[in-house]
Amino acid sequence: MHDRGRAWILRSAVFVVVFAGVPSHGQTPARPAPQIPRMPDGKPNFTGLWQALGTADWDIRDHSAQAGPFFQLGAIGAMPAGQGIVEGDEIPYTPEAAAQQKENFKNRMKLDPEVKCYMPGIPRANYMPFPFQITQSQRDIAFAYEFATSNRVVNMGKFKPGAVDTWMGTSNGHWEGNTLVVDVKDLNGNSWFDRSGNFQTDSTHIVERFTLPDADHINYEATIDDKAIYTRPWKISTVLYRRKEKNAQLLEFKCVEFVEELIYGDLKKK
């Protein structure tokens, strides 16, 4: 074979190798599926430091910016505008419960559990402007929250009812595919959902769903049911973000000492 013929064959072979993997016109190259961390048994691993963004702790419904309860705080104490996390942007209160929510909002500086450093309850603890740590073992899953050093353990074994009602309730979990489903009952009924007076009772039942779409985000959903104050179940959904800055860690926010004067000041001797 002449040298010119051999060169033509080599050039043709290179062309085939280089362009064989190029998609045809109108096609896009396939992207690899995102990798999520997993436990030795193959279950998704939620271990890490997480935090929500947004303004749900001010109001879980859509809200515009507005002045705060104390004009002396100016812009620092104002409520930022925000998009809600309630599906349909409606909490289906009964008429009596809707009136109670409005009263709660008027008196929020006296009634909001957050003001008094009480444990935030579920689901509020998950979207406050504080990080929280998830530690997952081969059995149970622990949640440690920065605000008021609150915590809870999700029992992943046989269902266990709570002995008493508490701020954080009793959490029993199970897996539905790659989704962690947590059933929360035995709440004491004193928690609010936000600073706008949206509230729950001791008969509130919450089902949470945690899903890892990739290694650094959790799709969080919670369905809330309580026939005492809602006309139907309703749902919230938001995204939790992994804290990845250098030396990211859970710090302390033991706030009891910050509210002693507020709560006990009237008991001081005159």
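Residues numbered from 1 in each chain as written. Predicted model: local features only at pLDDT ≥ 70, side-chain atom pairs only at ≥ 80, totals over all residues. Heavy atoms only, no water.

Chemist: Just to check I follow, could you spell out the overall build of the protein for this structure?
Modeler: Helix and strand counts for the protein come out as four helices and nine strands. Secondary structure elements of the protein, listed N to C terminal, follow the sequence α-β-α-α-β-β-β-β-β-β-β-β-α. Within the protein, contacts between residues separated by at least 24 positions form 57% of all contacts whose residues are at least 6 apart in sequence. Counting every atom, the protein has about 16000 Å² of accessible surface; 56% of that belongs to carbon and sulfur. (Helix = DSSP H or I, 4+ residues; strand = E, 2+ residues; numbered from the N terminus. Contact = heavy atoms within 4.5 Å. Areas by Shrake-Rupley, 256 points an atom, 1.4 Å probe, with all protein chains shown as cover.)

Chemist: Teacher, can you tell me more about the environment of Phe258 here?
Modeler: Checked against the element boundaries, Phe258 lands in the loop between strand S9 (234-242) and helix H4 (260-264). Residue class for Phe258 comes out exposed when judged on its relative accessible area of 55%. For Phe258 and Val115, which are 143 residues apart along the polypeptide, the C-alpha to C-alpha distance reads 9.7 Å. (Buried < 20%, exposed > 50% of the residue type's maximum accessible area, 1.4 Å probe, protein only.)

Chemist: I tried to follow the nonpolar core on my own but got confused; where do I start?
Modeler: The nonpolar side chains of a soluble globular protein tend to be buried with one another. By size, the foremost hydrophobic cluster in this structure holds 41 residues, and its most contacted members are Ile60, Phe210, Trp234 and Ile236. Listed by contribution, the elements that provide at least two residues to this core are strand S1 (48-52), strand S2 (132-136), strand S3 (141-145), strand S6 (179-185), strand S7 (205-214), strand S8 (217-225) and S9. The element that contributes the greatest number of residues to this core is S8, accounting for four residues. Beyond its immediate stretch of four places on either side in the chain, Trp234 contacts Ile60, Val86, Ile91, Pro92, Phe193, Ala222, Thr223 and Ile224. By size, the runner-up hydrophobic cluster in this structure holds seven residues, among which are Cys117, Phe130, Cys255 and Val259. (Core = buried A, V, L, I, M, F, W, Y, C linked by side-chain atoms within 4.5 Å.)

Chemist: It is not clear to me how the side chain of Asp57 should be interpreted in this structure. Could you clarify?
Modeler: Tracing the backbone shows Asp57 in the loop between S1 and helix H2 (95-106). Residue classification places Asp57 among the buried positions, given a relative accessible area of 1%. Only 2.8 Å separates the side chain of Asp57 from the side chain of Arg124, close enough to count as a polar contact. Ignoring anything within four residues of it in the chain, the contact list for Asp57 reads Glu114, Arg124, Tyr127, Met128, Pro129, Asp194 and Arg195. (Polar contact = N/O pair within 3.5 Å; in protein donor to acceptor, adjacent residues only side chain to side chain.)

Chemist: Sorry, what's going on with the side chain of Thr238 here?
Modeler: Its location among the elements puts Thr238 in strand S9. Look past the residues within four positions of Thr238 in its chain and what remains in contact with it is Ile85, Ile218, Asn219 and Tyr220.

Chemist: I'm lost on the environment of Gly77 in this one. Help?
Modeler: For Gly77, the position within the fold is in the loop between S1 and H2. Judged by relative accessible area, Gly77 falls into the partly exposed class, the value being 23%. Distance in space between the C-alpha atoms of Gly77 and Ala67 is 7.2 Å, their sequence separation being 10 residues.

Chemist: Help me understand the pattern of salt bridges, please; the structure alone is not making it clear to me.
Modeler: Two side chains with opposite charge may pair up if their charged atoms get near one another. Tallied over the entire structure, the rule returns 17 salt bridges. Residue Glu103 pairs with Lys106 through a salt bridge whose shortest N-O separation is 3.7 Å. On the criterion of helical spacing, the pair formed by Glu103 and Lys106 is a turn pair, its members being three residues apart in helix H2. Taken together, the salt bridges that share partners define one network made up of Asp57, Asp112, Glu114, Arg124 and Arg195. (Salt bridge = Lys/Arg side-chain N within 4 Å of Asp/Glu carboxyl O.)

Chemist: Whenever I open this one, H2 confuses me. Can you help?
Modeler: In an α-helix, one turn spans 3.6 residues, which is why side chains three or four residues apart end up on the same side. Given a rise of 1.5 Å per residue, 12 residues ought to cover 16 Å, and the 17 Å separating the end C-alpha atoms of H2 matches this to within 8%. Turning to H2, its buried residues number three or more, namely Ala97, Gln101 and Asn104. One side of H2 holds all its buried residues, which, seen down the axis, span an arc of 60°. More than 90 degrees from the buried face of H2, the exposed residues found are Pro95, Glu96, Lys102 and Lys106. (Expected span 1.5 Å × (residues − 1). Arc of directions from axis to C-beta.)

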